[in-house]
Every structure is written in C-alpha cells, then in structure tokens.
Amino acid sequence: MYRFLLSRQWVILTLVALLLIPTMIRLGIWQMHRYEERHARNQLVAEALGAKAVPVEQLTSAGHTVTAKERYRTVSAVGRFDTEDEIVVRRRVNSDEEVGFHVLTPFVLADGRVLLVNRGWIPADGPTQTAFPRIPAPPSGQVTVTGRLMPDETTEASGIKNLKGLPDRQVMLINSEQEASRLDAPVLGGYVVLTTPEPKGDTPELIGKPGEENAPLNYAYALQWWLFAAGVPLGWFVLARREARDRAQAAVPDESETTPAPV
C-alpha cells in the first residue's frame, strides 16, 4: 500500500521534510536566545535608569571603558560648559526621524578633567552641510548637570562609519579618547546624555530615554518555529495516509464494469 513512498516525488518530499525539521528547531533556538538577550538588556536598562544618581567620578575616569552595567546610569557633575571647544555629531535623528546634529559640549570639572556632555539634537538648518550650525548656548558659570552615562561610540556597535575629512568641529562618532587628543586634556571615558538642566526654548532637543526592546515577540517567534517543526511530520503523515487511501480506492474495480449486463 505504501510502496509509493519509494517514488521520486515522495523521496524528495520526505528529504525536504527531514531538512525542514532541524532547520525550524534551530530557528526557534535562535529566537529564544534573542529573547533572553533582549530580556536581559531590558532588565539592565531598567535597573540602571532606576538607580540613584551618583557623582560621575564614581563610575568613570580618564581612559575608562564604560561597561554594560554602567551604561544608562544616572550621574551628576559640577563644573562649567566650554562652548569654545563645542562640536557637533553629524547625521543624527530626533524622535520624528528628522536628520540633524547632536551637540557635544565639553564640561570642565573643578579639577580640570573634562566630561563630554551630549546636550541634545538640533536641526541641520545651516546654509550648507559644511557650515557649522548655530547652537543655543548652555547655562553659563558653574552648574550641576545630570544625565545618563554612555560608552564611547564605535562603528561596530552603531553601524555608523567614522568618516575622515569632515568639516571643522564635526564628527561622526563620540569618542572620549579622540576628544582627549583634540582638547589636550584628561577626558572621562564615555559621555553623558544630558537630562538636566533642561534647555531654554526646548532646544537643543533632549534625547529621550532608551526604549524597551520587544523581547516577548522573540519568545512568540520561538514557539511558532517549534510548532512548525512539529507540524512537518504531522503534515507528512496526513499526506501519506491520504495518498494511500486514494490509491486504494483507485485500485477497487468499478461494480458497473464487473457486473454482467442482464440478458
């Protein structure tokens, strides 16, 4: 009854099914790993944002590499903004996906060390792309700032190429080591995304909090792939049974053809 399984068509179908099962299982495992990574990242972000603010010197120093646990921690610092050495970071978008700049202003601490402060987003409304944009001034004199500590940006993590030959005082990535060389001063590792004081007139536009990644979606995808993997042998069995039944019915002779006609 099941000799048809040795036919070319069914051999190919069976091999495809045998290939699909482990592939779908592996895809489910990969989605589960993504779920665990995103869930762990969401926990780290929530813990960091919920932690009490600490002086920035407690978490970073000149040459320090900001770790995953230190990322997004709220830090505070006392000093003054150095607008003469202010630069902008190119090709950054705001919450409405408009392209502009991030404003990176050195913040000089009492001991002369420098903290890089990302004051937020401004539009690219200059006469040309090479012109340095007009930037609203930060508070003058000694001030206290708070913000979220971030690691130095890299091409690998951001996908942004660190282009050379840019206009003066414009960069593609925020890098404390590079800024230490430019400023000829000790620069604390990483940088801070400003949260307070808030800018007057809402510009620069403060950068919003990091969003929560949709980890449950990956969990659902993992279950979906595993259900597909379980459905493949079930579907193969149903098709085989149907084929066998159809072949069996076709093999039964028609009574109208076998019964002799009355004389």
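Quick caveat: nothing in here was measured; it's all calculated off a predicted structure.

> Give a description of helix 1 (residues 8-50) that names residues and reports values.
The terminal C-alpha atoms of helix 1 lie 63 Å apart, and with 43 residues this matches the ideal 63 Å at 1.5 Å per residue to within 8%. Of all the positions in helix 1, only Trp10, Ala17, Met24, Gly28, Gln31, Met32, Asn42, Val45 and Ala48 are classed as buried.

> Explain the pattern of salt bridges to me, using residue names and the numbers behind them.
Evaluation of the coordinates by the stated rule reveals 7 salt bridges. Glu213 serves as the salt-bridge partner of Arg41, at 3.7 Å between the closest nitrogen and oxygen. Of this pair, Arg41 sits in helix 1 while Glu213 sits in the loop between strand 8 (191-196) and helix 4 (215-251), placing them 172 residues apart in sequence. Judged by relative accessible area, which is 23%, Arg41 ranks as partly exposed.

> Outline the packing of aromatic side chains, supporting the account with residue identities and numerical values.
With the rule as written, the count across this model stands at 5 aromatic pairs. With a centroid separation of 5.4 Å and 70 degrees between ring planes, the pair formed by Phe4 and Trp10 is classed as edge-to-face. By relative accessible area, Phe4 is classed as buried at 6%. For the pair Trp225 and Phe228, a centre-to-centre distance of 5.9 Å together with 85 degrees between the ring planes defines the contact as edge-to-face.

> If you had to explain the pairing of strand 4 (residues 99-109) to someone new, which residues and values would you point to?
Of all the 11 residues making up strand 4, 10 are buried; the element is thus mostly covered by neighbouring parts of the structure. The pairing of strand 2 (residues 74-81) with strand 4 spans 3 bridges and is antiparallel. Across the sheet, residue Phe81 finds its bridge partner in strand 4, namely Phe107. Joining the antiparallel neighbours strand 3 (residues 87-93) and strand 4 is a turn of 5 residues, in which Glu97 adopts a positive phi near 65 degrees. When strand 4 meets strand 5 (residues 114-123), the two strands line up antiparallel, connected through 9 bridges. Across the sheet, the residue bridging to Val108 is Val114, located in strand 5.

> Lay out the side chain of Arg119 in plain terms, naming residues and giving numbers.
Summarising the element assignment, Arg119 is placed in strand 5. In this structure the side chain of Arg119 is engaged in a polar contact, spanning 2.7 Å, whose partner is the side chain of Glu86. Separated by 2.8 Å, the side chain of Arg119 and the backbone oxygen of Pro136 make a polar contact. Contact partners of Arg119, with chain neighbours within four places excluded, come to Phe81, Glu86, Val103, Thr105, Ile135, Pro136, Ala137, Pro138, Leu194, Pro204 and Leu206.

> Before we move on, could you go through the nonpolar core and cite the residues and values that matter?
Counting residues in hydrophobic clusters, the biggest one holds 17 residues, and the most contacted among them are Val75, Ala77, Phe107, Leu115 and Val145. Among the secondary structure elements, those contributing two or more residues to this core are strand 2, strand 4, strand 5, strand 6 (143-150) and strand 8. Excluding residues within four positions of it along the chain, Val75 makes contact with Val54, Val56, Leu59, Val145, Thr146, Gly147, Leu149 and Val192. Among the nonpolar cores identified, the runner-up in size contains 16 residues, and Ile87, Leu116, Val171 and Ile174 belong to it.

> How would you explain helix 3 (residues 176-183) if you had to name every residue and give the values?
Regarding helix 3, the residues found buried are Ser176, Glu179 and Leu183. Here the buried residues of helix 3 occupy an arc of 60 degrees about the axis, which is enough to place them on one side. Exposed and oriented more than 90 degrees from the buried face of helix 3 are Glu177 and Ser181. If you follow the buried residues of helix 3, they end up packed against strand 3, strand 4, strand 5 and strand 7 (170-171). With a side-chain oxygen positioned 3.0 Å from the backbone nitrogen of Glu177, the residue opening helix 3 is Asn175. Immediately downstream of helix 3, the backbone of Asp184 shows phi near 55 degrees, a positive value.

> Can you break down the layout of surface pockets residue by residue, with the values?
Roughly 870 Å³ of volume is contained in the largest pocket. What lines the largest pocket is a set of 32 residues, and nearest its centre among them are Arg71, Arg92, Met150, Glu153 and Tyr191. Elements with a contribution of two residues or more to the lining of the largest pocket: strand 3, strand 5, strand 6, helix 2 (155-158) and strand 8. For the lining of the largest pocket, the residue count by class is 13 nonpolar, 11 polar and 8 charged.

So, how was this worked out
Residues numbered from 1 in each chain as written. Predicted model: local features only at pLDDT ≥ 70, side-chain atom pairs only at ≥ 80, totals over all residues. Heavy atoms only, no water. Helix = DSSP H or I, 4+ residues; strand = E, 2+ residues; numbered from the N terminus. Expected span 1.5 Å × (residues − 1). Buried < 20%, exposed > 50% of the residue type's maximum accessible area, 1.4 Å probe, protein only. Salt bridge = Lys/Arg side-chain N within 4 Å of Asp/Glu carboxyl O. Phe/Tyr/Trp six-rings, centres within 6.5 Å; stacked < 30°, edge-to-face > 60°. Pairing = 2+ DSSP bridges. Polar contact = N/O pair within 3.5 Å; in protein donor to acceptor, adjacent residues only side chain to side chain. Contact = heavy atoms within 4.5 Å. Core = buried A, V, L, I, M, F, W, Y, C linked by side-chain atoms within 4.5 Å. Arc of directions from axis to C-beta. 1 Å grid on protein atoms, 1.4 Å probe; cavity = no way out; pocket = protein on both sides within 12 Å on 5 of 7 lines; lining within 4 Å. Points joined across faces, edges and corners; volume = space filled by probe spheres on them. Nonpolar A, V, L, I, M, F, W, Y, C, P; charged D, E, K, R; others polar.

Scope: geometric values only; no functional claims are made or implied.
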